[in-house]
Number of protein chains: 4
Amino acid sequence: MKYRTDLALECKQLYDKENKDRRGDIPGIHSETEVFDEDIKVTRIEILDKRGELALGKPAGNYITLEIEGLIDGKEGVKERASEALGKELGKLIPFKYDLKTLVVGIGNDKVTPDALGPYTASKIKITRHLFLIYEADGDYEMSCVSGLIPGVMGSTGIETAELIKRAIDIVAPEVVIAVDSLAARDIARVNTTIQINDVGISPGKGMGNVRTELSKNTLGRRTIAIGVPTVIDAATLIADAMLDIGRSDDEVEKYLAENQHELVVTSTDIDLVIKDFSDIIANGINITLHPGIYKNRSTDR
Amino acid sequence: MKYRTDLALECKQLYDKENKDRRGDIPGIHSETEVFDEDIKVTRIEILDKRGELALGKPAGNYITLEIEGLIDGKEGVKERASEALGKELGKLIPFKYDLKTLVVGIGNDKVTPDALGPYTASKIKITRHLFLIYEADGDYEMSCVSGLIPGVMGSTGIETAELIKRAIDIVAPEVVIAVDSLAARDIARVNTTIQINDVGISPGKGMGNVRTELSKNTLGRRTIAIGVPTVIDAATLIADAMLDIGRSDDEVEKYLAENQHELVVTSTDIDLVIKDFSDIIANGINITLHPGIYKNRSTDR
Amino acid sequence: MKYRTDLALECKQLYDKENKDRRGDIPGIHSETEVFDEDIKVTRIEILDKRGELALGKPAGNYITLEIEGLIDGKEGVKERASEALGKELGKLIPFKYDLKTLVVGIGNDKVTPDALGPYTASKIKITRHLFLIYEADGDYEMSCVSGLIPGVMGSTGIETAELIKRAIDIVAPEVVIAVDSLAARDIARVNTTIQINDVGISPGKGMGNVRTELSKNTLGRRTIAIGVPTVIDAATLIADAMLDIGRSDDEVEKYLAENQHELVVTSTDIDLVIKDFSDIIANGINITLHPGIYKNRSTDR
Amino acid sequence: MKYRTDLALECKQLYDKENKDRRGDIPGIHSETEVFDEDIKVTRIEILDKRGELALGKPAGNYITLEIEGLIDGKEGVKERASEALGKELGKLIPFKYDLKTLVVGIGNDKVTPDALGPYTASKIKITRHLFLIYEADGDYEMSCVSGLIPGVMGSTGIETAELIKRAIDIVAPEVVIAVDSLAARDIARVNTTIQINDVGISPGKGMGNVRTELSKNTLGRRTIAIGVPTVIDAATLIADAMLDIGRSDDEVEKYLAENQHELVVTSTDIDLVIKDFSDIIANGINITLHPGIYKNRSTDR
């Protein structure tokens, strides 16, 4: 595919653009939209079968996108509302129960800001497994058993990320794995507005300057929920868009992109703030979902 | 000008591209190139008069560009060599003398990585003025009298940067001001390779998401040397380049850019490392120049 | 005085300890205590005259101490309540009005965690002066005109802190200066629990490894409110306490301290969290006071 | 033991102090001292048998202490010399060979500065295992196969540190494990001067505010080299020293410490610089030892 994006929503928008005249849902796709408090728009895309996979180029499953307005302008209370909306959607995929066990994995490199969403988020999760061990508890009605892992990147550990996660799974035996990672998008305007949740995990491909290994039920043997925020965009997509805007054909654009390497991924200049704000929002949303008795109306401000 | 760049070298390259058939120097411009140790290329462009100012769209003066190879790959000793080359060029603009007094100003916002080059560099300069005060010394043969200022950005202080610098000048009465700032370039490949020194100061214009005030002999009343590294690029320039590559005319490109706002500046994903490495190199180069007795062969590793 | 503390409350406790049998207020001192929400204790000490100054060894004026419980344990909502309590006390010293102008100064070194409270806090203040300039407004009923300054420390700027603040005052002409700084305490248990506000400014003396210049109406020519948190303690005070506990006389202790240099100040190992939390609390309290229309019930989470 | 220290050197100094009149080596102990370049003093203590273990309260093995002068004052080249001295001592414990495999583990919490030595150091190690995998190499004469792990602390992962390290060992099958960790000392003057290397690993006990699990050949099944720097001191030891100085008996001191809890560990106020400098020195020393072909005379300046 000539465009690189990890967002199912952008794939669907492209498909719709290239098939302007069709009516109703795409075969093999169900989608719906809901708006909270005027500033948070939730789009739920379900890829039902092979037809849907082909149309959007993503594996079958649920993809929920939150688009948040006014975050960077520091609009009052928007972070708290975003956390609640995220917690609500996440709660549908991971219903709370007395003996729920979860491993939260922060994918990426905490030394490289655009790649640091995962590590930052994981470090803000309320970890409880050690408390369950100390009190020899098999469960709880207020909080669930949560452990965390920041596996690092192959380039700075020399260890395959998926391998290390599998070993951590052997230790903590979670029912669900939540993997938080930075994503790539086509549209830089998404970098400080969008969160994607899916229940298929992280698909293999090029991540930030390193090959990304698949993290899914296939590779980890556990249900895998992925949560991500676009933090990088391909220079190529900026260019491809502009070319199409001036009426070049897809073939011409593809030919150009093939001939002119634009490996270099770029990011927004407000990336520091993006990572800070979105790691707060996601960590808080996860805490609300996994510890409903504690985090109902409280921010994970750290 | 349709392209945004703070680099005189890129302006000259554009001029040459648009005037392929001309021979020899551009009228009103003198330029020369020197290569050190195979991996550091120094280009010295002097804009002599109005003709040169018109051709390159920059005020008359000296613009020295260092292009450094293999920095991000951690090539052995390249940082040290780059500091020495920088110190050598800077030493021609600021000859050391017994009673030299300098104010080093770190322009930008240390909370926003691509804008943090100035503050990071200033915090690594060997400051000596307070020592001269304590020992009531009027000068020294090993080190000179250096003070530093990190004025912050208007948005986070509410105070005009130039105003605050002027007041600091009133206090320390320097002969020369060195202003370190992040720059914008057309070509993202320059973000982790290029340093520009000039003796005209910082020209007004859009800096990183804030209007930039002129810092020069005009506004500060002191000789002003500016040192900068490209850390941001206009999305627009990426696109304009691609369009020209596929044979669109300048007019078409200008028309497109006019119609499609691309205010958003982007940066490289390795920006954290770029700021860390270049602030080390520049601070060390400045220390070598202003404190020749101490820093001859030593790195400012902090 | 054998003990080093910047807290009027600790001075009073020492005085009371050394004068166990006296009844009622200390001559020249008025003090009162109030408790909010069980976990925030406010003590207001007013030093009325020379007698009080002699008794506590601090200049006449108001000293308000907030003691906050459960902050480090992340007790729910305690940060928000602390900000409101701080805002309430601060509001008595700085009543809001249409044309109020304030300069917030962050004293200290942001590269040295225990000394970074001032810079961290100042960087979280809602700065508005540039907006008033843009809209040519002479005042506002929702927010007031606030500017900020992080002057750095003499060792890293070579410029006298008070000098630079005076110049900034010349530019922004504030009615009040709020100076935020790290403090020294006797009791390490105060390091993550205590905030002191006073209306006399910062008295000269040894700050964190550098001589501290007086910042007050005397030196700045403006009403000066100081807000501080203990982040360092003298090793000496730990020892002196222990000696008294085992029944050594004051003379013996003083003799020991005189003979054994314990210049080295120490800090708590949770200092990173202390600086993060207290800079949030203080910045939010200041924002509530200076921008009542915006910050009534909102956290400055940045 | 009434004093808490992780340094064998301090244990020996205590023993010597309490046995002033004895001559020659302590039974079961061999020790020697060497000075490099005037500013680096190396003390090698070997605990030979049970008698030595009893005398110093540490398990049998080699304990090498480097005491470095003038580091905090930024003395020229001292960091480089310290790295070389460390590399030399480490090289005796881990001789380089073609197919050497090492796992470097950074123990501690990178969010808590005094506890961040391990994570900071591990992140500066030249990791090579992934390169050996890509090139399917079984060894090399210039560099050896190194992987790294930053396991985090139980409180923020919920996973037992030793468990996770064991799993990483299963993956990378190293011959040697190097564990880098923050240490506790009695004397705060050691916090910015001392490095200890041993070949017995990390003994169980209280680490920074968390119980520390044993990391040794026993628990990991691999030779384990520990490298540490004192970053925390017990308030208790400050007090105990002072009491002894004023002639209290050991029994009195022990009684006092037993009755007065001083759990609170304190650290030096220059801890940020200490962690930055020592992680550079240790990482570089490890790189020199494990990659002799690359790092002979080069600093790991990152």
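Residues numbered from 1 in each chain as written. Chains lettered and ligands numbered in written order. Predicted model: local features only at pLDDT ≥ 70, side-chain atom pairs only at ≥ 80, totals over all residues. Heavy atoms only, no water.

(A) Representation of the overall build of chain A within the structure. The helix and strand tally for chain A stands at 12 helices and 11 strands. Seen through its C-alpha atoms, chain A measures out along the principal axes to roughly 65 × 45 × 40 Å. Pairs at least 24 apart in sequence give 72% of the contacts found in chain A among residues at least 6 apart. On chain A, roughly 11800 Å² of surface is accessible, and the fraction owed to carbon and sulfur atoms is 50%. When the 38 positive and 50 negative side-chain charges of chain A are each reduced to one mean point, those points stand 2 Å apart. (Helix = DSSP H or I, 4+ residues; strand = E, 2+ residues; numbered from the N terminus. Contact = heavy atoms within 4.5 Å. Areas by Shrake-Rupley, 256 points an atom, 1.4 Å probe, with all protein chains shown as cover. Lys, Arg positive; Asp, Glu negative; His and termini not counted. Charge placed at Lys NZ, Arg CZ, Asp CG, Glu CD.)

(B) Geometry of the interface of chain A and chain D. Across the contact, 25 residues belong to chain A and 25 residues belong to chain D. Taken together, the two surfaces of chain A and chain D that pack against each other cover about 2000 Å², and 64% of this comes from carbon and sulfur. Looking at the side of chain A facing chain D, the largest losses of area belong to Ile159(A), Arg167(A) and Ile171(A), adding up to 26% of the total buried there. At the boundary of chain A and chain D, one finds 2 salt bridges. The interface formed by chain A and chain D includes 6 residue pairs in polar contact (both at pLDDT 80 or more). Ranked by residue count, the leading element in the side of chain A that touches chain D is helix 7 (residues 161-172) of chain A, at 7 residues. Counted by class, the side of chain A that touches chain D contains 10 nonpolar, 8 polar and 7 charged residues. (Buried area = accessible area lost by both parts, 1.4 Å probe. Salt bridge = Lys/Arg side-chain N within 4 Å of Asp/Glu carboxyl O. Polar contact = N/O pair within 3.5 Å; in protein donor to acceptor, adjacent residues only side chain to side chain. Nonpolar A, V, L, I, M, F, W, Y, C, P; charged D, E, K, R; others polar.)

(C) Inspection of the relation of the copies chain A and chain D at higher detail. With an axial shift of 0.0 Å and an RMSD of 0.0 Å, the rotation relating chain A to chain D amounts to 180 degrees. This pairing of chains is accounted for by a two-fold axis. Of the C-alpha atoms belonging to chain A, the one lying closest to the rotation axis is found on Arg167(A), 3.0 Å away. Of the residues that chain A buries at the interface, 100% are likewise interface residues in chain D, meaning the two copies contact each other through the same surface. (Least-squares fit on C-alpha atoms with pLDDT ≥ 70 in both.)

(D) View of helix 11 (residues 271-290) of chain B. Relative to the 28 Å expected for 20 residues at 1.5 Å per residue, helix 11 of chain B spans 28 Å between its end C-alpha atoms, a close match to the ideal helical length. Across the 20 residues that make up helix 11 of chain B, a large majority, 17, are buried. (Expected span 1.5 Å × (residues − 1). Buried < 20%, exposed > 50% of the residue type's maximum accessible area, 1.4 Å probe, protein only.)

(E) Focus on the interface of chain B and chain A. Taken residue by residue, the interface counts 25 residues in chain B and 25 residues in chain A. Of the roughly 2000 Å² buried where chain B meets chain A, counting both sides, 70% is carbon and sulfur surface. Contact with chain A buries area across many residues of chain B, yet Leu238(B), Ile246(B) and Thr269(B) alone supply 28% of it, more than any other trio. Our count for the chain B to chain A interface comes out at 0 salt bridges. Counting across the chain B and chain A interface gives 3 residue pairs in polar contact (both at pLDDT 80 or more). Contributions of two or more residues to the side of chain B that touches chain A are made by strand 10 (223-234), helix 9 (235-245) and strand 11 (265-268) of chain B. Its residues assigned to classes, the side of chain B that touches chain A shows 16 nonpolar, 5 polar and 4 charged. Where strand 11 (residues 265-268) of chain A meets strand 11 of chain B, 3 bridges bridge the pair, whose relative direction is antiparallel. Of the residues in strand 11 of chain B, the one forming a bridge with Ser268(A) is Val266(B). (Pairing = 2+ DSSP bridges.)

(F) Main features of the side chain of Glu89(B). Residue and element names in this part refer to chain B. With respect to the helices and strands, the residue Glu89 is situated in helix 3 (residues 78-93). For Glu89, a relative accessible area of 2% gives the class buried. When sequence neighbours within four positions are dropped, the list of residues in contact with Glu89 reads Phe36, Val42, Arg44, Ile64, Leu66 and Ile197.

(G) The arrangement of the relation of the copies chain B and chain A in detail. The transformation that overlays chain B on chain A combines an axial shift of 0.0 Å with a rotation of 180 degrees, and the residual RMSD is 0.1 Å. The fraction of interface residues of chain B whose copies in chain A are also interface residues reaches 100%, indicating that both copies meet through the same surface.

(H) Up close: the confidence of the model for chain A. On average, residues of chain A carry a pLDDT of 90, and 93% of them reach 70 or more. Among the scores for the predicted complex, ipTM is 0.91 and pTM is 0.92. (pLDDT = per-residue confidence, 0-100.)

(I) Local environment of the pairing of strand 6 (residues 176-185) of chain B. All names here are of chain B. Along strand 6, 10 of the 10 residues are buried, which leaves the element largely enclosed by surrounding structure. Taken together, the 5 bridges between strand 4 (residues 101-106) and strand 6 define a ladder with parallel strand orientation. By the bridge assignment, Thr102 is partnered in strand 6 with Val176. Pairing of strand 6 with strand 10, which is carried by 10 bridges, proceeds in the parallel orientation. Paired with Leu183 across the bridge in strand 10 is Pro230.

(J) Molecular detail of the pattern of salt bridges. Using the criterion set out here, one finds 91 salt bridges over all chains in the structure. Here Lys75(A) and Asp39(A) are joined by a salt bridge, their closest N and O atoms 2.9 Å apart. Linking Lys75(A) in the loop between strand 3 (61-68) and helix 3 (78-93) with Asp39(A) in the loop between strand 1 (29-36) and strand 2 (40-47), this pair joins segments that are 36 residues apart in sequence. For Lys111(C), the salt bridge goes to Asp110(C), with nearest N and O atoms at 3.4 Å. We classify Lys111(C) as partly exposed; its relative accessible area is 48%. For Asp110(C), a relative accessible area of 28% puts it in the partly exposed group. Taken together, the shared-partner salt bridges connect Glu32(A), Glu34(A), Arg44(A), Glu89(A) and Lys92(A) into one network.

(K) Representation of helix 3 (residues 78-93) of chain D in the model. Here helix 3 of chain D contains 16 residues, and its C-alpha end-to-end distance of 23 Å stays within 8% of the 22 Å for a straight helix at 1.5 Å per residue. Within helix 3 of chain D the residues assigned to the buried category are Val78(D), Lys79(D), Ala82(D), Ser83(D), Ala85(D), Leu86(D), Gly87(D), Glu89(D), Leu90(D) and Leu93(D).

(L) View of the packing of helix 3 (residues 78-93) of chain C against helix 11 (residues 271-290) of chain C. Residue and element names in this part refer to chain C. Relative to each other, helix 3 and helix 11 sit at 45 degrees, their axes nearing to 8 Å. What the angle tells us is that helix 3 and helix 11 run oblique. For the pair helix 3 and helix 11, the crossing hand works out as right-handed. On helix 11, the residues touching Lys79, Ala82, Ser83, Glu84, Leu86, Gly87, Leu90 and Gly91 of helix 3 are Lys276, Asp277, Asp280, Ile281, Ile282, Asn284, Gly285, Ile286, Ile288 and Thr289. For the contact of helix 3 with helix 11, the per-class residue count stands at 7 nonpolar, 6 polar and 5 charged. (Axes fitted to C-alpha atoms, helices over the stretch in contact; angles between N-to-C directions. Parallel < 35°, antiparallel > 145°, perpendicular 65-115°, else oblique. Left-handed = near helix turned anticlockwise from the far one by under 90°.)

(M) Structural view of the packing of aromatic side chains. All names here are of chain A. This model, assessed by the stated rule, comprises 4 aromatic pairs over all chains. On the basis of an interplanar angle of 50 degrees and a centroid distance of 4.6 Å, the ring pair of Tyr98 and Tyr141 is categorised as tilted. Within this pair, whereas Tyr98 is found in the loop between helix 3 and strand 4 (101-106), its partner Tyr141 is found in the loop between helix 5 (129-134) and strand 5 (145-149), the two being separated by 43 residues in sequence. A residue is classified by how much of its surface remains accessible, and Tyr98, at 30% relative accessible area, is partly exposed. According to the relative accessible area criterion, Tyr141 is exposed, its value standing at 64%. (Phe/Tyr/Trp six-rings, centres within 6.5 Å; stacked < 30°, edge-to-face > 60°.)

(N) How the structure looks around the environment of Ile72(A). As for its placement among the helices and strands, Ile72(A) is situated in the loop between strand 3 and helix 3. With relative accessibility at 24%, the residue Ile72(A) sits in the partly exposed group.

(O) Inspection of the packing of helix 9 of chain B against helix 10 (residues 250-259) of chain B at higher detail. All names here are of chain B. Relative orientation of the contacting elements helix 9 and helix 10 amounts to 150 degrees, with a least axis distance of 10 Å. When the axes of helix 9 and helix 10 are compared, the pair comes out roughly antiparallel. You can see that helix 9 and helix 10 cross each other, and the crossing is right-handed. Every residue of helix 10 that contacts helix 9 at Ala236, Ile239, Ala240, Met243 and Leu244 is listed here: Asp250, Val253, Tyr256 and Leu257. Residue composition of the contact of helix 9 with helix 10, by class: 8 nonpolar, no polar and 1 charged.

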